[in-house]
Amino acid sequence: MSLFQFASRRLVSQVSCGLKSSSAKKQQLCLEMARPSSNMADFREVFAKAKHIAIITGAGVSAESGVPTFRGAGGFWRKWQAQELATPGAFARNPSRVWEFYHYRREVMLSKHPNPAHIAIAECEKRLSKQGRSVVVITQNIDELHRKAGSKHLLEIHGSLFKTRCTNCGNVTANYKSPICPALAGKGAPDPEVEDAAIPVEQLPQCEEDGCNGLLRPHVVWFGETLDPDVLTEVEKELDMCDLCLVVGTSSVVYPAAMFAPQVSARGVPVAEFNTEPTPATNRFRFHFSGPCGSTLPPALARHHSEIIA
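What you see is a predicted model; the values in this text were computed from it and never measured.

### Comments concerning the state of the cysteines
Disulfides are covalent bonds that link the sulfur atoms of two cysteine residues. Enumeration according to the criterion identifies zero disulfides in this entry. The thiol of Cys245 is unpaired, and the distance to the nearest cysteine sulfur, on Cys242, comes to 5.2 Å. You can call Cys245 buried: its relative accessible area is 0%.

### As for the sheet that holds strand 6 (residues 159-166)
As summarised here, the arrangement of the three strands in space is 7-6-8, forming an open sheet in which the pairing is antiparallel. The open sheet is flanked by strand 7 (172-174) and strand 8 (216-220), the only strands paired with a single partner. Each strand of the sheet is rotated relative to its neighbour by a mean of 40 degrees, with strand direction disregarded. The pairing of strand 6 with strand 7 spans three bridges and is classified as antiparallel. Looking across to strand 7, one finds that Arg165 is bridged to Val172. Of the strands in this sheet, strand 6 and strand 8 touch helix 7 (residues 95-109), which is tilted by about 140 degrees from strand 6.

### Focus: the side chain of His304
For His304, the location among the structural elements is in the segment after helix 12 (293-301). Judged by relative accessible area, His304 falls into the buried class, the value being 4%. At a separation of 3.2 Å, a polar atom in the side chain of His304 contacts the side chain of Glu45. A distance of 2.7 Å separates polar atoms of two side chains, one belonging to His304 and the other to Ser306.

### With respect to the nonpolar core
Nonpolar side chains in soluble globular proteins tend to end up buried together. By size, the foremost hydrophobic cluster in this structure holds 31 residues, and its most contacted members are Trp99, Phe101, Tyr102 and Trp222. Of all the secondary-structure elements, those providing two or more residues to this core are helix 5 (82-85), helix 6 (88-93), helix 7, strand 6 and strand 8. The leading source of residues in this core is helix 7, at five residues. By size, the runner-up hydrophobic cluster in this structure holds 24 residues, among which are Val248, Phe274, Phe289 and Leu301.

### So, helix 3 (residues 40-49)
Within helix 3 the residues assigned to the buried category are Phe43, Arg44, Phe47 and Ala48. Relative to the axis of helix 3, the buried residues are bounded by an arc of 140 degrees and lie together on one face. Regarding helix 3, its N-cap is Asn39, as a side-chain oxygen of that residue lies 3.0 Å from the backbone nitrogen of Ala41 further along.

### Details of the pairing of strand 8
Across the five residues that make up strand 8, a large majority, four, are buried. Summarising the sheet, strand 6 and strand 8 pair through four bridges and their orientation is antiparallel. Residue pairing across strands places Gly159 opposite Val220, the latter belonging to strand 8.

### Focus on the UniProt feature "binding site: substrate" (unreviewed entry) in the protein chain
As annotated in UniProt, the feature "binding site: substrate" (unreviewed entry) corresponds to Tyr102 and Arg105 in the numbering used here. Turning to its location among the elements, Tyr102 is positioned in helix 7. Excluding anything up to four places from it in sequence, Tyr102 contacts Ala86, Leu161, Pro218, Val220 and Trp222. Considering the arrangement of structural elements, one finds Arg105 in helix 7. Setting aside residues no more than four positions away along its own chain, Arg105 makes contact with Phe70, Ile142 and Leu161.

### Some points on the packing of helix 8 (residues 116-129) against helix 12
Following both chains from N to C, one finds helix 8 and helix 12 inclined at 15 degrees, their axes separated by 8 Å at the closest point. As the angle between them shows, helix 8 and helix 12 are arranged roughly parallel. By crossing handedness, the relation of helix 8 to helix 12 is classed as left-handed. Where helix 8 abuts helix 12, its residues Pro116, Ala117, Ala120, Ile121, Cys124 and Arg127 lie against Cys293, Gly294, Leu297, Pro298 and Leu301.

### A word on helix 12
Those residues of helix 12 that sit buried are Cys293, Gly294, Thr296, Leu297, Ala300 and Leu301. For helix 12, the buried positions fall inside an angular range of 165 degrees around the axis, keeping them on one side.

### So, the packing of aromatic side chains
With the rule as written, the count across this model stands at twelve aromatic pairs. Here the aromatic rings of Phe101 and Tyr102 are separated by 5.1 Å at their centres, their planes lie at 70 degrees, and the arrangement is edge-to-face. Here Phe101 matches Tyr102 in class, with each residue buried. Here the aromatic cluster, defined as three or more aromatic residues joined through ring pairs, consists of Trp77, Trp80, Phe91, Phe101, Tyr102 and Trp222. The ring of Phe47 has Arg133 sitting right over it, with the charged end atom 5.6 Å from the ring centre. One cation-aromatic arrangement involves Arg217 over Trp222; the distance from NZ or CZ to the ring centre is 3.8 Å.

Reading the values: rules and limits
Numbering of residues starts from 1 in every chain and runs along the sequence as written. Restriction of local features to residues with pLDDT of at least 70 applies here, the model being predicted, together with a cutoff of 80 or more for giving and counting side-chain atom pairs; totals for whole chains, interfaces and linings are based on all residues. Heavy atoms throughout the structure, all of them, feed into the side-chain values; hydrogens and water do not. When the sulfur atoms of two cysteines come within 2.5 Å, that pair is taken as a disulfide. Relative accessibility decides the category of a residue: with a 1.4 Å probe and only protein chains considered, values under 20% of the type maximum give buried, values over 50% give exposed, and everything between is partly exposed. Following DSSP output, two strands are said to pair if at least two bridges run between them. Put simply, DSSP H or I for four residues or longer makes a helix, DSSP E for two residues or longer makes a strand, and each gets a number counted from the N terminus. Geometry is summarised by axes, namely lines fitted to C-alpha atoms with helices restricted to the contacting stretch, and by angles between N-to-C directions that run from 0 to 180 degrees. It only takes one pair of heavy atoms within 4.5 Å for two residues to be counted as in contact. The term polar contact refers here to a pair of N or O atoms within 3.5 Å; inside protein, the definition further demands a hydrogen-donor-capable atom paired with an acceptor-capable atom, and it admits residues adjacent in sequence only when both atoms are side-chain atoms. Here, the term nonpolar core denotes a set of buried Ala, Val, Leu, Ile, Met, Phe, Trp, Tyr and Cys residues that are joined through side-chain atoms within 4.5 Å. Think of it as the arc spanned by the lines of direction from the helix axis to the C-beta atoms. UniProt positions are given in the numbering used here, feature names are shortened, and annotations may be inferred rather than shown by experiment. Angular relationships are summarised with four words: roughly parallel below 35 degrees, roughly antiparallel beyond 145, roughly perpendicular across 65 to 115, and oblique for the angles in between. It is the rotation of the near helix from the far one that decides the hand of a crossing: anticlockwise by less than a right angle makes it left-handed, clockwise makes it right-handed. Pairs were defined over the aromatic rings of Phe, Tyr and Trp, the Trp ring being its six-membered one, requiring ring centres within 6.5 Å. Orientation was assigned from the angle between planes: stacked under 30 degrees, edge-to-face over 60, tilted for the rest. The rule is short: NZ of Lys or CZ of Arg within 6 Å of the ring centre and within 35 degrees of the ring normal puts a charge over the ring.

The structure is reproduced here in structure tokens:
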């Protein structure tokens, strides 16, 4: 997918478990990881010793809160799939239609709440921070449910539904207005028979910076766009530092996020996958826990008996 052209040297240098297969040690590591464990007690012992935990999350976490994923055969808004609307070209051709789509998504999200997986991650971060340990969430999701749950150390690699960027001056700002502009009130219904609202550009969300009035767009990464290099630098730093990595509710097929955990695993760091089914990366990880994240993650991240709470 051209959207994800990842330029970070260390993260692109190896994409799979045996990337530099001249090393017998790495080949042996791959063999050892071919059968991931589902032993929660073993994972808990690793968790208890970890000082810097990186948690990579995807759409599966949000789906358990009832968030539409717009993927697969039923993933349509009206007659379009997300891939047809979430592009710079689609916005240039029909900004009204694209804004209706994102207005609908924003309004839906206002009625959604974090589920037990989001809450377990946020509570784990808060608890471990008091012990001098760190938790960072690296999410592909744009719904801000991690933020709602209380996560503080959060890297949103695809942006946020609740931020806008001016196409004129480039200003990025948080925006939680409902509706985001008067012209979008009552618009965005997803039913296939609904006609486009065809809102004039001057009535779509406008920049409020002094003297600008440029057309706003959602501050999300669209297909055909690269990720923010500053965010990727932060991701790389966290992955280099982590001594335990969790992959939660992600299909491990969307790049560059799909290579994050295999990169970590390739240097010998334990990786645990929590997902409803195996993914293309499962056999590269030390642990795999099958089932809804809201059921499997809370006991995995609960306080370990060895933790000392001040």
